[in-house]
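Summary of the model geometry
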Amino acid sequence: MQESSTSRLNFEACLKCSICNTVCPMMAVNGSYPGPKKAGPDQERYRLKDPAFYDYALKYCLNCKRCEVACPSGVKVADLIQTARLKYAPRSSHPVRDAMLASTDLIGSLASPFAPIVNGVLPLKPVKAVLDGAFGISSKRTFPKYSREKFVTWFRKEAAPAQEAFGRYVSYFHGCYGNYNYPQLGKDFVKVVNAAGYGVHLLWKERCCGVALMANNMGKQAARNAAVNIGSFTKALDKDEAVLTSSSSCTFTLREEYKEVLGMETAAYKDKLMLACKWLYEKIEAGEVHLRFDPGFRMDLAYHSACHMQKLGWQDYTIRLLRMIPGVSLTVLDQNCCGIAGTFGFKKEYYPYAQAIGERLFEDIKAAAPQAVVTECETCKWQIEMSTGVPVMNPISVLAAAIMP
């Protein structure tokens, strides 16, 4: 794993204005966390002098990037913290748990063939008690369900032949959630992209983006996944195909974290890898794509801009796209962190912080009383559905439901 060239050199640009501290959701609920300014730029000076210097409070950072969005000097505060955790963090007190939560490809491959059994067993109180006591996974956390048929299996059997009728194509990075947990999202993606006049290809090879691996201090494994994915992106670009995604966290990791945290080169593909909503909106605005919407479609929705979506700055593309659907009534929620931060909210010791951070968002959703919340982040979906009871949809699924066949 190479050292990031940007993140580790720009900490001197910190003005010590503490604006980053004012937007940090963890500081608001946890007095043990010193805040992004101290954990990031301030302590980086000590870490560079003495690699043994490590603040145990770094484990509380959500990597939500709100500090980076707010920083007037463009300091990569969260990236400084992430790289420090990968380099200096002591061995986890729950290594098995962390490996299980981070190894999404492995766990998904093992769970999918037995999905009905897994989905039936995980909610049982005795099972939750064992996971809580032996592994440190909160017994209060609900788990996403697994699908017996993976998206890639469905695609190769049902969708791949029809794609060859199109004269232009995109490649799809479906992510672990879309493959193992909710393949309907991938099916919706294919429907929408086909309606736009494009065929869909799968990538040559796809691995988990690595966001959970990095969050659990498994940097070497994340770098191996990144190398495979970057190779696949190169093959897609050789065919002049944009790489489209449906998850904001995957997208942010592939575009930004590979370089800033893992130190890998992303310039060759970065501008050609984007969320499907951004790509589709730009095609519609350019007059290249025309979608027909069902005049009878009606939905009252609330849009939640996930933290990594906010850092990408692409939420307006989704909002404008949803507002193109005649039957949609859309409330845009204030941008508040949901608190789950990927695997963070599954861990017993962090679960109370995750729920406390998300409380403001939960209250806003209940006040809006939508039929569904819309967001590009699957872990935000899990957190919101568990904490409010309101269903959550990816915007691609909304579009798939609204467009004419």
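In this text, all values refer to a predicted model and were calculated from it rather than measured experimentally. In this numbering scheme, every chain counts its residues from 1 along its sequence in written order. Whole-chain, interface and lining totals are the exception, using all residues; otherwise, since this is a predicted model, local features are given only for residues with pLDDT of at least 70 and side-chain atom pairs are given and counted only at 80 or more. In computing side-chain properties, one takes all heavy atoms of the structure into account and sets aside hydrogens as well as water.

Time to look at the pairing of strand β1 (residues 169-173). Working definition: with a 1.4 Å probe on protein chains only, accessible area under 20% of the residue-type maximum means buried, over 50% means exposed, and in between means partly exposed. Numbering of helices and strands runs from the N terminus, with a helix taken as a DSSP run of H or I at least four residues long and a strand as a DSSP run of E at least two residues long. With five of its five residues buried, β1 lies for the most part within the structure. Here β1 shows a buried face lined by Y169, S171 and F173 and a second buried face lined by V170 and Y172. Summarising the sheet, β1 and strand β2 (residues 199-202) pair through four bridges and their orientation is parallel. Looking at β2, one finds that V170 is bridged to V200. Pairing of β1 with strand β3 (residues 242-245), which is carried by four bridges, proceeds in the parallel orientation. Across the sheet, V170 pairs through a bridge with A242, a residue of β3. In this description, strands pair whenever DSSP reports at least two bridges between them.

Spatially, β2-β1-β3-β4 is the arrangement adopted by the four strands of the open sheet, whose pairing is parallel. Of all the strands in the sheet, the pair left with one neighbour each is β2 and β4 (273-275). With strand direction ignored, the average angle separating the axes of adjacent strands in the sheet is 40 degrees. Lying on the sheet, helix α13 (residues 219-238) is in contact with β1, β3 and β4; it crosses β1 at an angle near 170 degrees. The contact criterion used throughout is that any non-hydrogen atoms of two residues lie within 4.5 Å. As a rule, the C-alpha atoms of each element are fitted with a line to give its axis, helices using only the stretch in contact, and angles between N-to-C directions run from 0 to 180 degrees. Helix α15 (residues 276-285) rests against β1, β3 and β4 of the sheet, and its axis sits at about 90 degrees to β4.

This part covers the sheet that holds strand β7 (residues 372-374). An order of β6-β5-β7-β8 is seen for the four strands of this open sheet, with the pairing classed as parallel. Two strands close off the open sheet at either side, each with one partner strand: β6 (328-332) and β8 (392-393). Of the pairings in the sheet, the one linking β7 to β8 comprises two bridges and is parallel in character. If you follow V373 over to β8, its bridge partner there is V392.

This paragraph deals with the packing of helix α9 (residues 151-163) against helix α11 (residues 183-195). Each pair of packed helices can be described by the angle between their axes along with the distance between the axes. Put simply, α9 and α11 touch, their axes get as near as 10 Å, and they point 15 degrees apart. The angle between α9 and α11 places the two elements in the roughly parallel class. Read as a crossing pair, α9 and α11 show a hand that is right-handed. The segment α9 lies against α11, with F151, W154, F155, A159 and Q163 engaging P183, G186, K187, V190 and N194. For this classification, the nonpolar set comprises Ala, Val, Leu, Ile, Met, Phe, Trp, Tyr, Cys and Pro, the charged set comprises Asp, Glu, Lys and Arg, and every other residue, Gly included, is treated as polar. Here the residues of the contact of α9 with α11 are counted per class, giving six nonpolar, three polar and one charged. Note that the term roughly parallel is reserved for angles under 35 degrees, roughly antiparallel for angles over 145, roughly perpendicular for angles of 65 to 115, and oblique for everything else. Left-handed describes a crossing in which the near helix is turned anticlockwise from the far one by less than a right angle; the clockwise case is right-handed.

Further remarks concern the packing of helix α18 (residues 351-368) against helix α19 (residues 378-388). Taken N-terminus to C-terminus, the directions of α18 and α19 make an angle of 75 degrees; their axes are 10 Å apart at the nearest point. Taken as axis vectors, α18 and α19 run roughly perpendicular relative to one another. Counted together, Y351, A354, Q355, L361, F362, I365 and K366 of α18 and Q383, I384, M386, S387 and T388 of α19 form the full contact between these two elements. Among the residues making up the contact of α18 with α19, the classes are represented as seven nonpolar, four polar and one charged.

The next subject is the nonpolar core. Grouped together as the largest cluster of nonpolar side chains are 70 residues, with contacts concentrated most on F189, L280 and I325. Counting 24 residues, the second-largest nonpolar core is a separate cluster that includes A102, I230, Y269 and L273. In this text, buried Ala, Val, Leu, Ile, Met, Phe, Trp, Tyr and Cys residues form a nonpolar core when linked through side-chain atoms within 4.5 Å.

It is worth spelling out the layout of surface pockets at this point. Each pocket or cavity is described by its volume, and for the second largest pocket that value is around 360 Å³. When contributions to the lining of the second largest pocket are tallied by element, the ones reaching two or more residues are α10 (175-181), α19 and β8. Top contributing element to the lining of the second largest pocket by residue count: α19, with four residues. Partitioning the lining of the second largest pocket into residue classes produces nine nonpolar, five polar and five charged. Any residue with an atom within 4 Å of a point lines the site, the site being either a cavity, points on a 1 Å grid over the protein atoms alone where a 1.4 Å probe fits but cannot get out, or a pocket, an open set with protein on both sides within 12 Å along at least 5 of 7 lines. Grid points are joined across faces, edges and corners, and a volume is the space filled by probe spheres set on the points.

Turning our eyes to something else, we now look at the packing of aromatic side chains. We call Phe, Tyr and Trp rings a pair once their centres come within 6.5 Å, taking the six-membered ring for Trp, and we label the pair stacked below 30 degrees between planes, edge-to-face above 60, and tilted otherwise. A full pass over the atoms with the stated rule returns 15 aromatic pairs. One aromatic cluster is present, built from ring pairs that chain together F143, Y177, Y182, F346 and W382. The criterion is that NZ of a Lys, or CZ of an Arg, lies within 6 Å of the ring centre and within 35 degrees of the ring normal, and then a charge sits over that ring. Above the face of the F346 ring, R141 is positioned so that its terminal group lies 5.2 Å from the ring centre. The cationic tip of K278 hangs over the ring face of Y317; the distance from NZ or CZ to the ring centre is 5.1 Å.

For this analysis, a salt bridge means a side-chain nitrogen from Lys or Arg found within 4 Å of a carboxyl oxygen belonging to Asp or Glu. Taken as a whole and judged by the stated rule, the model has 20 salt bridges. Two residues, D132 and K348, come together in a salt bridge whose shortest N-O distance is 2.8 Å. In this pair, D132 is assigned in helix α8 (residues 125-135) and K348 in the loop between β6 and α18, connecting sequence segments 216 residues apart. For D132, a relative accessible area of 13% gives the class buried.

Residues enter patches when they are more than 30% accessible in relative terms and free of salt bridges; like-charged ones are connected within 9 Å and nonpolar ones (Val, Leu, Ile, Met, Phe, Trp, Tyr) within 5 Å. Areas reported as accessible are Shrake-Rupley estimates using a 1.4 Å probe. Residue values count occlusion only from the protein chains shown. On the surface, a cluster of nonpolar side chains totalling about 380 Å² of accessible area is made up of F114, I117, V121 and L124. As for its placement among the helices and strands, F114 is situated in the loop between α6 (104-111) and α7 (115-121).

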